[in-house]
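Working through the structure, step by step
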Amino acid sequence: MSLAADTSVRGSGSATSLDLGPARALSCRECGHEVPLAAEFACPQCFGPLEVAYDFGRVTRESIEAGPKSIWRYRELLPVPARVTSVPNTEPGLTRLIKADRLGAELGLRNLWVKDDTGNPTHSFKDRVVAVALAAARELGFTVLCCPSTGNLANAVAAAAARAGWDSVVLIPSSLEQAKVLTTAVYGGTLLAVDGNYDDVNRLATELAAEHEDWAFVNVNVRPYYAEGSKTLGFEVAEQLGWRLPEQVVVPVASGSQLTKVDKGFTELGRLGLVEATPYKVFGAQATGCSPVSTAYAEGTDVVRPVKPDTIARSLAIGNPADGPYVLDAVRRTGGAVADVSDAEVVEGIRLLARTEGVFAETAGGVTIATTRKLVESGQLDPDAETVLLITGDGLKTLDAVSGQVGPTATVPSTSKAVREALAAQGL
Ligand SMILES: *Cc1c(COP(=O)(O)O)cnc(C)c1O
Ligand SMILES: [Zn+2]
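Residues numbered from 1 in each chain as written. Chains lettered and ligands numbered in written order. Predicted model: local features only at pLDDT ≥ 70, side-chain atom pairs only at ≥ 80, totals over all residues. Heavy atoms only, no water.

The name given to the protein chain in an unreviewed UniProt entry is Threonine synthase, and the organism recorded there is Pseudonocardia humida. Under the Sequence similarities (unreviewed entry) heading, UniProt states for the protein chain: "Belongs to the threonine synthase family." The Cofactor (unreviewed entry) comment attached to the protein chain in UniProt states, word for word, "pyridoxal 5'-phosphate". (UniProt positions renumbered as here; feature names shortened; annotations may be inferred.)

So this is what it looks like as structure tokens:
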């Protein structure tokens, strides 16, 4: 097939010339209505969100294990062409899964793992979703990669566009952490800092997506493809556990997309016979200053009421989460829960993970650790069940969270006497 898809496939054009691997159609999560593969995100019948539906071929553990050491080893389970590895894109994934006995002892969890997704090309799990979005967007005929972002997505989009030789247009709230602004700007591309919060930025991006037919907003008009990238976190955890599902997984929640797709990934592995379909529980973690899903969970409702975010966990600060109701569904269906923690607890969580496991997470990681502690204390997490915590971003991007909290043990004059005295004060 030709490399550049005919421009008529953008929007609601025919899907016959597209190669999106095992993807068969887009299907409405609300009413099940199907539309051909295209850059659509809302159901034409009921405006519900569309997601990718598949006809999977025969996929084996061996075929996956023989694949590249990146998310592309799962390409037979993703909406991307088979030639995805031969065109410029990032190679995220296969980040380490570490046994976390010291953290487990502190949290009261006897069988604990940490999935350390700080090891991706731009140091967050967003590289996974952007790589899949770029591959699908290329096939759909787009030429510019765009997003509204709370920070990590901005990094991932700007970097992936740079590597692919595409232009990028990224919109961020101007209040974002300085590190996330610089680590986006350095890749080139257009970066607009908007005086507003994420929900404002998202609304502006949605308007632009309607006006520019060759701009792929990864989390807006190609969102169904983007979202599938998060399944690879679930796939990797299962493969790294020796082709088994964990019994409990704790996932930070912003829009909620990641949590629902980790669940989808586990389910698909079971259906395809790649793992035994053993039961697992999915737990969601939020910061109290932006906890619309946790609040709905506690109130026992399906209605997620939008909030105005006020938390240091800016990467999770989405006040009106698109996938909120589906998070509630996944959590309730599997027997999990959603909880939230204060900013002070987030900082304690960051420090606890760093001091016990040598992993420096950003604020979202602090949310996951602190929420895990809370869920153990409330008896909602089983201390004996095998548990995986998703650490989704790197602490170097959110240094403000710990500055003033940690620093040198002592600052001393350059004399051996002063050094010895300072060590002696530490009992050393
Ligand atoms: C975006 C983000 C999340 C949450 O992702 P959603 O899919 O929107 O829920 C979690 N952690 C980090 C570090 C992120 O950047
Ligand atoms: Zn519908």
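1. Section: the overall build of the protein chain
The helix and strand inventory of the protein chain stands at 14 helices and 13 strands. Rg of the C-alpha trace for the protein chain: 22 Å, near the compact-globule value of 22 Å for 428 residues, within the 12% margin. Seen along its three principal axes, the alpha-carbon backbone of the protein chain occupies a region of about 75 × 45 × 45 Å. Looking at the protein chain residue by residue over its 428 residues, the buried ones come to 57%. Of the contacts made within the protein chain by residues no fewer than 6 positions apart, 70% connect residues no fewer than 24 positions apart. Roughly 17100 Å² of accessible area belongs to the protein chain as shown, and the carbon and sulfur atoms make up 51% of that amount. Where the 39 positive side-chain charges of the protein chain centre and where its 51 negative ones centre are 4 Å apart. (Helix = DSSP H or I, 4+ residues; strand = E, 2+ residues; numbered from the N terminus. Rg over C-alpha atoms; globule rule 2.2 N^0.38 Å. Buried < 20%, exposed > 50% of the residue type's maximum accessible area, 1.4 Å probe, protein only. Contact = heavy atoms within 4.5 Å. Areas by Shrake-Rupley, 256 points an atom, 1.4 Å probe, with all protein chains shown as cover. Lys, Arg positive; Asp, Glu negative; His and termini not counted. Charge placed at Lys NZ, Arg CZ, Asp CG, Glu CD.)

2. Here's the deal with the site of ligand 1
Residues in close proximity to ligand 1 total 16 residues, the closest being Lys126, Ser255, Gly256, Gln258 and Thr392. A distance of 2.9 Å is found between an oxygen atom of ligand 1 and a backbone nitrogen or oxygen belonging to Ala254. Summarising the interface, the protein chains cover 98% of the accessible area of ligand 1, which totals 390 Å² for the free molecule. In terms of residue class, the shell around ligand 1 is made up of six nonpolar, eight polar and two charged. (Near = heavy atom within 4 Å. Polar contact = N/O pair within 3.5 Å; in protein donor to acceptor, adjacent residues only side chain to side chain. Nonpolar A, V, L, I, M, F, W, Y, C, P; charged D, E, K, R; others polar.)

3. As for the sheet that holds strand β3 (residues 50-54)
Taking strand neighbours across the sheet as the criterion, the three strands line up as β2-β1-β3 in an open arrangement whose pairing is antiparallel. Only two strands of the sheet have a single neighbouring strand rather than two, namely β2 (34-35) and β3. Relative to β3, strand β1 (residues 23-28) runs antiparallel, the two sharing five bridges. Note that in β3 the partner of Leu26 across the bridge is Val52. (Pairing = 2+ DSSP bridges.)

4. Remarks on the coordination of the zinc ion (ligand 2)
Taken together, the protein ligands of the zinc ion (ligand 2) are Cys28 (SG), Cys31 (SG), Cys43 (SG) and Cys46 (SG), with distances of 2.3 to 2.4 Å. Taken together, the four donor atoms coordinating the zinc ion (ligand 2) and their angles of 100 to 119° define a geometry best described as tetrahedral. Mapping the donors of the zinc ion (ligand 2) onto the primary sequence gives the spacing C-x2-C-x11-C-x2-C. In this pair, Cys28 is assigned in strand β1 and Cys43 in the loop between β2 and β3, connecting sequence segments 15 residues apart. With respect to class, Cys28 is no different from Cys43; both count as buried. (Donors = N, O, S within 2.8 Å, 3.2 Å for Na, K, Ca; no water. Tetrahedral: all angles 85-135°; square planar, octahedral: opposite > 155°, others 65-115°.)

5. Focus: the side chain of Ser315
Looking at where Ser315 falls in the secondary structure, it is placed in the loop between α10 (292-299) and α11 (324-334). Apart from the residues within four sequence positions on either side, Ser315 is in contact with Thr150, Asn152, Lys180, Ala254, Glu362, Thr363 and Ala364.

6. Section: the pairing of β1
On a regular strand, each side chain points to the face opposite its neighbour's, so the side chains alternate between the two faces of the sheet. Summarising burial for β1: five of the six residues are buried, a large majority. Counted along the chain from β1 to the antiparallel partner β2, the turn is five residues long, and its residue Gly32 has a positive phi close to 80°.

7. Considering the environment of Val341
Positionally, Val341 belongs in strand β12 (residues 338-341). Sequence spacing of Val341 and Gly366 is 25 residues, and the spatial spacing of their C-alpha atoms is 9.3 Å. The residues contacting Val341, other than those within four sequence positions of it, are Gln286, Ala287, Thr288, Val346, Val367, Ala370, Thr371 and Lys374.

8. Concerning the pattern of salt bridges
Pairing between side chains becomes possible if they bear opposite charge and their charged atoms approach one another. Using the criterion set out here, one finds 30 salt bridges in the structure. Between Arg223 and Asp323 there is a salt bridge whose closest N-O contact spans 2.9 Å. Placement of the pair is Arg223 in helix α7 (residues 223-228) and Asp323 in the loop between α10 and α11, with a sequence separation of 100 residues. Accessibility classification places Arg223 together with Asp323 in one group, the buried group. The residue Arg305 makes a salt bridge to Glu299 at a minimum N-O spacing of 2.8 Å. (Salt bridge = Lys/Arg side-chain N within 4 Å of Asp/Glu carboxyl O.)

9. Here we look at the side chain of Lys180
One can find Lys180 in helix α5 (residues 178-185). Classification of Lys180 as buried rests on a relative accessible area of 1%. Here Lys180 is in contact with Thr150, Gly151, Asn152, Asn155, Ser315, Glu362, Lys397 and Thr398, once residues within four sequence places are set aside.

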